[in-house]
Amino acid sequence: MSITWTPVCHLSQIARESGVAAWVHGEAVAVFRDHTDAVYALSNIDPKTGASVLSRGIVGTRRRVEGDVGFVASPLLKQPYRLSDGVCLDDETLKVATYEVRVVGGSIEVGARRD
Amino acid sequence: MSTRQRLVVVGHGMVGHRFVQAAVERGLTDTHDIVVVGEEPRPAYDRVALTSYFAASGPEELSLLPEGSYGHPAVELRLATEVTALDPQARTITLGDGAMAAGAVGGGEVLAYDQLVLATGAAPFVPPVPGRELDGCFVYRTIEDLDAIRAASAHATAGVVIGGGLLGLEAANALVQLGLETHVVEMAPRLMPVQLDDAGGRTLVSHIAKLGVQVHTGVATEAITGDGSVSGLALRGGDGIDAQVVVFSAGIRPRDALAREAGLDLAERGGVLVDEQCRTSDARIWAIGECAAPGGRMYGLVAPGYDMAEVVVDALLGGAGAFTGADMSTKLKLLGVDVASFGDAFATTEGSLELVYSDAVAGVYKKLVVSDDGTRLLGGILVGDAAAYGVLRPMVSSGIALPENPEELILPGSRGGGAGSGAAALPDEAQICSCNNVSKGEILAAVDESGEHRCEDVAGVKACTGAGTTCGSCVGSVKAIIEDHFARTGKEVSRALCEHFALSRQELFDVVSVHGYRTFDAIVDAHGSGRGCDICKPAIASILASQLGTHVLAPENATLQDTNDAYLANIQKNGTYSVVPRIPGGEITPEKLIVIGEVARDFDLYTKITGGQRIDLFGARLEQLPAIWGRLVEAGFESGHAYGKSLRTVKSCVGSTWCRYGVQDSVGMAIALELRYRGLRSPHKLKGGVSGCARECAEARAKDFGVIATEKGWNLYVGGNGGATPAHAQLLAGDLDDERLVRYLDRFLMYYIRTADRLQRTAPWIDSLEGGLDRVREVVVDDALGLGSELEAEMSRHVAGYFDEWRATIEDPAKLARFVSFVNAPGTPDPNISFDVERDQIKPRNQASHPVVEPVSLGSSIGVGAPA
Ligand code: SRM
Ligand SMILES: Cc1cc2nc3c(=O)[nH]c(=O)nc-3n(C[C@H](O)[C@H](O)[C@H](O)COP(=O)(O)OP(=O)(O)OC[C@H]3O[C@@H](n4cnc5c(N)ncnc54)[C@H](O)[C@@H]3O)c2cc1C
Ligand code: SF4
Ligand code: FES
């Protein structure tokens, strides 16, 4: 499957450790930037409530055996979703879809849905 | 024929009441009908807290039986009725019916009993000084006494208390509070002669003087002078004192007259002589409380009386309980003065040794009495710093071994003392709360995770066991035991905020203010780990907001804000927001009401009147918020905080402007307070209320701060809330003028903001403080820590720095950039949001089960599986 990359915004438009919502291929996508400037793209839909809100969650880290992992807390009911793969850190049966994402010359581009 | 027995209780004071409670609880009422006869006009009240009556809104506040009856069919309560005679042979008592006394010939009704319990308490002793019958002479025992003292003080300038014991000092403090120049005259060479030694008494004098009381020790009163009413005191071999009020507090005498006339045995020094089961020389008559003298000794404290009450209930149920003496430890309840005396304070035990620490400059005197071999603590005296009392007293009663260097128990922290062995080292049977006889073991059982109560904090344990609910002196130990328990069982009630900070909110607050940090990064680098989370970030945002007063969306802090703060509105289940325009005090003009209606109509918002006297507009999309705020600002509104840990509303009743009962302008005051404290960031949300009279239509006592109008000003109540665990606010101070009301409120709120835990509302916060409400009063009203002006200055900074954060947002393009549906398609509303209609208004369509727009990936359709 060929990937179409959609530019959504410039890296500087997302404050460190926060997210924005973008409209990509007819879907609401939450794009996050962490403290190392790495970017992540997750579905904006919170799987617990079905609301399109994840981009508005607080971004932070949790200590795990594998080291500190970045997550976003749902702004509605606070479930923590891992930025890298969308899995809920408190309940692995909950998962948010993730998207390919890259930064090209300062511009963030979202690609295909991963699953 | 009935086989039920009649049990009559004479006296409805603290101990009589406890007796009835225990009788009902333990089922004595299955076999006995109980008749309680009390001479006072009201049911039993908390005599120990009598002095607080001056600050209370009325006698009900002290009542131990606010409902006025036991609500039990087998218990009858007859108040305002004196028992005038007792006939043990006939097994009857005679009632002097107060109301009918004038017409009754030869006394009132005669009542037969099967069992009789005397709980008549004690009466103040008035020494035979000439002039003691003059107007202006009082004792200090009942609510009526206090009413009379207050009335007399209204046109007096000076007062004298005769007697420098525990009660006398308490009475003196009350006179100070009533605005009198106050003297204490004590015959003994020192204050509190029964509890303190010379050095302790001397140290105490300096503290008492600071309260504004002039102390005269080693002085005898020759006469009370005056013509009809008191004008002064003549002292033996000294100058007299001018005064119009005299309060006798020269000790108490058991009220044993009924027993004496009935021929029952009395103790040598007064009091009804009883055995270990509290039975008098007549097998059907018992005596408990201050009128009783078990083994010939009377006890002038409430805790031994409570024990006696339990013992008699036990005996009547066939049990073998016995009263074998009591802990006579005392701690002075005077605000701001720490004094405690416990165990063998005078080192009367043979061979006992004394360890003394004293610091005249700081006004501290501490003495420990230890056994000759230095292994056991026998007693002690603490003046000026009684922090160790909670740990030391149980050491005496449980007899556990002293640590290696016992002096560490009384040395100040900087000199090697301090935490020491603490309450944690006590054995389970050690009694921690002597007022309510709660042992360490019972406290541990209450917090046991596998037990039935599973309490999580001091407030829970108080409610469960009663520990700490009477004089409060044990709360520190209770807290230490709970914390130690959780620390040992590894339960995460550590005060750490979250995995990123080992500090509590209060500690973080101090760290931030000491270092002057302005950003999360600086704080987490220096004191935390990782990159924070949804717990510590908003907490730090709130701390920074209370200290810096910058906009919540200032770039360095915007990403820390909790959901609602981050967008200055309340998020709803479908990702839309609600807007609640501020309506201070609930007062609104018709024009503004119309504007709200127009805004709601134009943006198609669901509209509802809230429980907080405002109007909530629901269903605003993120990108609509600035336009809605713009309309509101234009009409002279600001949006309001229904979000954030901040002030919500100050609810008001209509007050004196319209209401025929109102005595103050409650609406005006509510508006002033709401405008003053709006925007204040706090550990939890804050609510206020102001009522125009005691009818309390604004439900102010259900708020964190409640203000209720009086003829003379305002009563200020604190620590109320509704919600899951409702609490009534308690009186902090009475009859305040506007200026003092605001000053106390400023201090109270800032003290709370500084020291409360995250998400701790005012009621549990007050409970968690050592000393509880009294502590708050010390800090806020008496300014015992000298923090008052600092707290006020902080509040002034908040007030001066307040700005409309919604208006500032719409005026700043950088902040406005957040309020778009999509960063790359700002003009496209999020199709995931849609509404149904119900009762002519919108309501969110349930996204999870109702696909709205395709192709939108829905939560329910996302594959479940291992991480990719
Ligand atoms: C709108 C309103 C219900 C209504 O339709 O009337 C409401 C709505 C919410 N309440 Fe409330 N409460 C509302 C009055 C109350 C009241 C009554 C009052 O204030 O007189 C109470 C009990 C009084 C009290 O707080 O002591 C109340 C006790 C709570 C509690 C429990 C607090 C507690 O200490 O136990 C919560 C939960 C919390 O804050 O943690 C809560 C939380 C909430 C939240 C913030 C829940 C949430 O996070 O979404 C709701 C958001 C409001 C919104 O989206 O706009 N709400 N809530 C009322 C708004 C009043 C206002 O104008 O500000
Ligand atoms: C200002 C003050 C502060 C105190 N502080 C403390 C403290 O900090 N700690 C502490 O432990 N103790 C303290 N006490 C003492 C404590 O209040 C008493 O120990 C306690 O109230 C004794 O309870 P009681 O039921 O025996 O007596 P009371 O509470 O006095 O009750 C006796 C009742 O019997 C009634 N009565 C008497 N005779 C008759 C009759 N013939 N017929 C009908 N009714 C009758 C009386 O009117 C009274 O209501 C304080 C007392 C005062 C006054
Ligand atoms: S509290 Fe008093 S003043 Fe206010 S409305 Fe009610 S009755 Fe009137
Ligand atoms: S010792 Fe008085 S309340 Fe516990």
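What you see is a predicted model, and the numbers here were worked out from it, not measured in a lab.

With respect to the overall build of chain A
Per the secondary structure count, chain A includes 0 helices and 9 strands. In chain A, the succession of helices and strands from N to C terminus is β-β-β-β-β-β-β-β-β. Across the 115 residues of chain A, 62% fall into the buried class. Looking at chain A alone, contacts between residues at least 24 apart form 39% of all its contacts between residues at least 6 apart. Entry remark: accessible area of chain A is about 4,400 Å², with carbon and sulfur atoms responsible for 50%.

Focus on the site of ligand 3
All residues in the neighbourhood of ligand 3 are listed as C653(B), V654(B), G655(B), C659(B), Y661(B), G662(B), S691(B), G692(B), C693(B), R695(B), E696(B) and C697(B). Residue classes in the shell around ligand 3 are distributed as 6 nonpolar, 4 polar and 2 charged.

Describing the pairing of strand β16 (residues 245-248) of chain B
The side chains of a regular strand alternate, residue by residue, between the two faces of the sheet. Residue and element names in this part refer to chain B. Covered by surrounding structure in β16 are V245 and V247 together with V246 and F248, the residues of both alternating faces. In this sheet, β16 lies alongside strand β9 (residues 137-139) in parallel orientation, the contact comprising 3 bridges. What sits directly across from C137, in β16, is V246. Here strand β10 (residues 158-162) runs beside β16; their pairing, made up of 4 bridges, is parallel. Directly across from I162, in β16, lies its bridge partner F248.

A closer look at the site of ligand 1
All names here are of chain B. Residues in contact with ligand 1 amount to 18 residues; listed here are only the nearest, Q572, S578, G611, R614 and G722. Contact distances for ligand 1 include 2.7 Å between an oxygen atom and a backbone N or O atom of G611. In the model, an oxygen atom of ligand 1 is placed 2.8 Å from a nitrogen or oxygen of the K703 side chain. Tallied by class, residues from the shell around ligand 1 come to 1 nonpolar, 10 polar and 7 charged. Built from parts of two domains, the shell around ligand 1 gets at least three residues from each of domain 4 (562-639 + 804-821 + 831-868) and domain 5 (646-803).

Points about the sheet that holds strand β22 (residues 339-343) of chain B
Residues and elements named next belong to chain B. Taken in spatial order, the 5 strands line up as β21-β22-β25-β24-β23 in an open sheet, and their pairing is antiparallel. A single partner strand is all that each edge strand has here, and the edge strands are β21 (330-331) and β23 (353-359). Looking at chain direction, β22 and strand β25 (residues 377-383) are connected through 5 bridges and run antiparallel. Among the inter-strand pairings, G343 is bridged to a residue of β25, identified as G379. Helix α7 (residues 389-398) contacts β21, β22, β24 (364-370) and β25 of the sheet and is inclined by roughly 155 degrees relative to β25.

Points about the pairing of strand β2 (residues 32-37) of chain B
Residues and elements named next belong to chain B. Burial within β2 is extensive, with 5 of its 6 residues counted as buried. When strand β1 (residues 5-10) meets β2, the two strands line up parallel, connected through 6 bridges. The partner of V8 across the bridge, within β2, is V35. Crossover connection from β1 via helix α1 (residues 14-25) to parallel β2: handedness right-handed. The pairing of β2 with strand β3 (residues 75-78) spans 4 bridges and is classified as parallel. Along β3, the bridge assignment pairs V35 with E76.

What about the packing of aromatic side chains?
All names here are of chain B. Within the structure shown, the criterion is met by 13 aromatic pairs over all chains. The residue whose ring lies beneath R18 is Y306, and the NZ or CZ to ring-centre distance is 3.9 Å. Taking NZ or CZ as reference, R818 lies 4.8 Å from the ring centre of Y567, over its face.

Quick look at the interface of chain B and chain A
Listed as interface residues are 42 residues of chain B and, on the opposing side, 48 residues of chain A. Summed over both partners, the interface of chain B with chain A buries about 3,500 Å², with 55% contributed by carbon and sulfur atoms. Our enumeration of links across chain B and chain A arrives at 3 salt bridges. Close ionic contact of K78(A) with D562(B) constitutes a salt bridge, the shortest N to O distance being 2.8 Å. Scanning the region where chain B abuts chain A turns up 15 residue pairs in polar contact (both at pLDDT 80 or more).

Looking at the side chain of R582(B)
Residues and elements named next belong to chain B. You can see R582 is positioned in the loop between β29 (577-579) and α15 (590-602). R582 sits in the buried class, given a relative accessible area of 3%. Of note is the side chain of R582, whose polar atom sits 3.3 Å from the side chain of E674. If we ignore the near neighbours within four places in the chain, the residues touching R582 are F637, E638, S639, G640, H641, R648, E674, R678, G679, Y802 and W806.

A closer look at the pattern of salt bridges
A complete count under the given rule lists 52 salt bridges over all chains for this structure. With a shortest N-O distance of 3.6 Å, E17(A) and K537(B) are connected by a salt bridge. Separated into two different chains, E17(A) in the loop between β1 (6-10) and β2 (18-24) and K537(B) in helix α13 (residues 536-548) make up a pair that spans both. According to the relative accessible area criterion, E17(A) is buried, its value standing at 7%. Measuring nitrogen to oxygen at the nearest pair gives 3.6 Å for the salt bridge that ties E66(A) to R82(A). You can see E66(A) sitting in the loop between β5 (58-64) and β6 (67-73) and its partner R82(A) sitting in strand β7 (residues 80-82), a full 16 residues away along the chain.

Topic: helix α21 (residues 788-801) of chain B
What sets the pattern is the α-helix's 3.6 residues per turn: residues three or four places apart point alike. All names here are of chain B. Its 14 residues give α21 an end-to-end C-alpha distance of 20 Å, which sits within 8% of 20 Å, the value for a rise of 1.5 Å per residue. Among the residues of α21, G788, L791, E792, E794, M795 and H798 are the ones counted as buried. The buried residues of α21 occupy an angular sector of 155 degrees when projected down its axis, which confines them to one face. Exposed and facing more than 90 degrees away from the buried side of α21 are S789, R797 and A800. Check the buried side of α21 and you find it contacts α17 (666-677), α18 (738-755) and α20 (772-780).

Rules used in this analysis
Residues numbered from 1 in each chain as written. Chains lettered and ligands numbered in written order. Predicted model: local features only at pLDDT ≥ 70, side-chain atom pairs only at ≥ 80, totals over all residues. Heavy atoms only, no water. Helix = DSSP H or I, 4+ residues; strand = E, 2+ residues; numbered from the N terminus. Buried < 20%, exposed > 50% of the residue type's maximum accessible area, 1.4 Å probe, protein only. Contact = heavy atoms within 4.5 Å. Areas by Shrake-Rupley, 256 points an atom, 1.4 Å probe, with all protein chains shown as cover. Near = heavy atom within 4 Å. Nonpolar A, V, L, I, M, F, W, Y, C, P; charged D, E, K, R; others polar. Pairing = 2+ DSSP bridges. Polar contact = N/O pair within 3.5 Å; in protein donor to acceptor, adjacent residues only side chain to side chain. Domains from an automatic or database assignment. Axes fitted to C-alpha atoms, helices over the stretch in contact; angles between N-to-C directions. Right-handed = clockwise from strand over helix to strand, strands pointing away. Phe/Tyr/Trp six-rings, centres within 6.5 Å; stacked < 30°, edge-to-face > 60°. Lys NZ or Arg CZ within 6 Å of the ring centre and 35° of its normal. Buried area = accessible area lost by both parts, 1.4 Å probe. Salt bridge = Lys/Arg side-chain N within 4 Å of Asp/Glu carboxyl O. Expected span 1.5 Å × (residues − 1). Arc of directions from axis to C-beta.

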